[in-house]
Amino acid sequence: MKSLHLATPEDAARLFPLVAAFHTERGFETTEGQQSAALTPLLEGTPHGAVWLIGPRKAPVGYIVVTFGWSVEFGGLDAIVDELYIRPAVRRRGMGFEALNGIAKALKDAGVRALHLEADRDDEDVHRFYARARFKARENYMFMSRVL
């Protein structure tokens, strides 16, 4: 997919402002230092995840972060969409949908068995978007976290 580019350390200056905008929009209380510490290993090629820029590499309009894990239930390697962001001015043009489907296809081709994500429980627009991309809520399941 031509509008998805695997991010590298050289993309940090374009990526970090997008991440800061997303975290501000969502009310995440992270600092630039925390964001950099979390993203730098992904940009440097850690096997735990990756970041893709959405749109033109020189002027991306968004990004998607995917991290990897293992699931006995799903039969092997699985992945989580940790963050997906498109600049507000260019939303609802299909770029997020195209990116999500492109990533899902590439991950499937690479042997990933399931792709997961979390969504705001009260955001019906987000629910429709993810349902259109063939994600389904798992009845009787709730994504839970413990900060360590």
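Everything below is about the structure shown above.
Residues numbered from 1 in each chain as written. Predicted model: local features only at pLDDT ≥ 70, side-chain atom pairs only at ≥ 80, totals over all residues. Heavy atoms only, no water.

Visitor: Could you give me a rundown of the side chain of Ser71, with the residues and numbers involved?
Guide: With respect to the element layout, Ser71 can be found in strand S3 (residues 62-71). Judged by its relative accessible area of 9%, Ser71 is buried. Beyond its immediate chain neighbours, meaning those up to four positions away, Ser71 contacts Gly76 and Asp78. (Helix = DSSP H or I, 4+ residues; strand = E, 2+ residues; numbered from the N terminus. Buried < 20%, exposed > 50% of the residue type's maximum accessible area, 1.4 Å probe, protein only. Contact = heavy atoms within 4.5 Å.)

Visitor: Can you tell me about the packing of aromatic side chains, naming the residues and giving the values?
Guide: Per the counting criterion, the structure on display carries six aromatic pairs. Here Phe22 and Phe28 contribute two aromatic rings whose centre-to-centre distance is 5.7 Å and whose plane-to-plane angle is 85 degrees, an arrangement assigned as edge-to-face. Using a relative accessible area of 10% as the deciding quantity, one classes Phe22 as buried. Residue classification places Phe28 among the partly exposed residues on the basis of a relative accessible area of 38%. Between Phe22 and Tyr63, the ring centres sit 6.4 Å apart and the planes meet at 85 degrees, which makes this aromatic pair edge-to-face. Remark: Tyr63 occurs in strand S3 and Phe22 occurs in helix H1 (residues 12-26); sequence separation between them is 41 residues. Comparing Phe22 with Tyr63, the two get one shared label, buried. Within the aromatic cluster, the residues linked to one another by ring pairs are Phe22, Phe28, Tyr63 and Tyr85. Its end group placed over the ring of Phe97, Arg132 keeps NZ or CZ at 3.7 Å from the ring centre. (Phe/Tyr/Trp six-rings, centres within 6.5 Å; stacked < 30°, edge-to-face > 60°. Lys NZ or Arg CZ within 6 Å of the ring centre and 35° of its normal.)

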